[in-house]
Amino acid sequence: MANHEIKNPPEFVQAIRKFEITDKGHADLFNDVVNPLINNDIFLKEELQEESNRAHRAEESLTNSLQEEVSRAQAAEETNKTNLANHAADKANPHKVTKAQVGLGNVDNTADVNK
């Protein structure tokens, strides 16, 4: 028993012969109809596999990009937390605010005990 011929590379055949009521039931007649169907199946299988591979590559690329962005955002968050903590702990007048700017221009800078 022979196998159906598979074209390499497979190609998609859109026009498939229709059986007619006047056709004689010879194997060649059926093979002429079945061969393109089998080749279409193989063609579609290969196309589907390639599309699946492409989608997998795209998914990996997006996953990697997302992970890089998450890492970048986490590092920026840690830097911001550190900067904020350092700034809050700085009691040496980091904004260079003067007494006059906050309405204390006429107040002496002495302890209440000395007043």
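Preceding this section is the structure that the text describes.
Residues numbered from 1 in each chain as written. Predicted model: local features only at pLDDT ≥ 70, side-chain atom pairs only at ≥ 80, totals over all residues. Heavy atoms only, no water.

Help me get a handle on the side chain of N40, residues and values and all.
Residue position: N40 is located in helix 1 (residues 27-89). At a separation of 2.7 Å, a polar atom in the side chain of N40 contacts the main-chain amide nitrogen of V13. Ignoring anything within four residues of it in the chain, the contact list for N40 reads E11, F12, V13 and I16. (Helix = DSSP H or I, 4+ residues; strand = E, 2+ residues; numbered from the N terminus. Polar contact = N/O pair within 3.5 Å; in protein donor to acceptor, adjacent residues only side chain to side chain. Contact = heavy atoms within 4.5 Å.)

So, helix 1: which residues are in play, and what are the values?
For helix 1, which comprises 63 residues, the first-to-last C-alpha distance of 91 Å matches the rise-based estimate of 93 Å (1.5 Å per residue) to within 8%. Within the span of helix 1, buried status applies to L29, V33, P36, N39 and N40. (Expected span 1.5 Å × (residues − 1). Buried < 20%, exposed > 50% of the residue type's maximum accessible area, 1.4 Å probe, protein only.)

Lay out unusual backbone geometry with the relevant residues and their values.
Each neighbour pair has its own omega, and for N8 with P9 the value is 5 degrees, a cis peptide bond. You can see P9 is positioned in the segment before helix 1. Its identity is not glycine, yet K96 carries a phi of approximately 55 degrees, on the positive side. For K96, the position within the fold is in the segment after helix 1.

An account of the pattern of salt bridges is requested, with residue identities and associated values reported.
The tally for this structure, following the rule as stated, stands at 7 salt bridges. In this structure, D23 engages R17 in a salt bridge whose closest nitrogen and oxygen atoms are separated by 3.0 Å. The partner of E77 in a salt bridge is K81, and the shortest N-O contact between them spans 4.0 Å. Of this pair, E77 and K81 both sit in helix 1, 4 residues apart, roughly one helical turn. By relative accessible area, E77 is classed as partly exposed at 42%. Salt bridges sharing partners connect three or more residues here, namely E77, E78 and K81. (Salt bridge = Lys/Arg side-chain N within 4 Å of Asp/Glu carboxyl O.)

Which residues make up the packing of aromatic side chains, and what values go with them?
Enumeration according to the criterion identifies 2 aromatic pairs in this entry. With a centroid separation of 5.8 Å and 50 degrees between ring planes, the pair formed by F12 and F43 is classed as tilted. Taken together, the residues F12 in the segment before helix 1 and F43 in helix 1 connect sequence positions 31 residues apart. Given a relative accessible area of 40%, F12 falls into the partly exposed group. Ring centres of F19 and F30 lie 5.0 Å apart, and the angle between their planes is 50 degrees; this geometry places the pair in the tilted category. Residue F19 is located in the segment before helix 1, and its partner F30 is located in helix 1; the two are separated by 11 residues in the primary sequence. (Phe/Tyr/Trp six-rings, centres within 6.5 Å; stacked < 30°, edge-to-face > 60°.)

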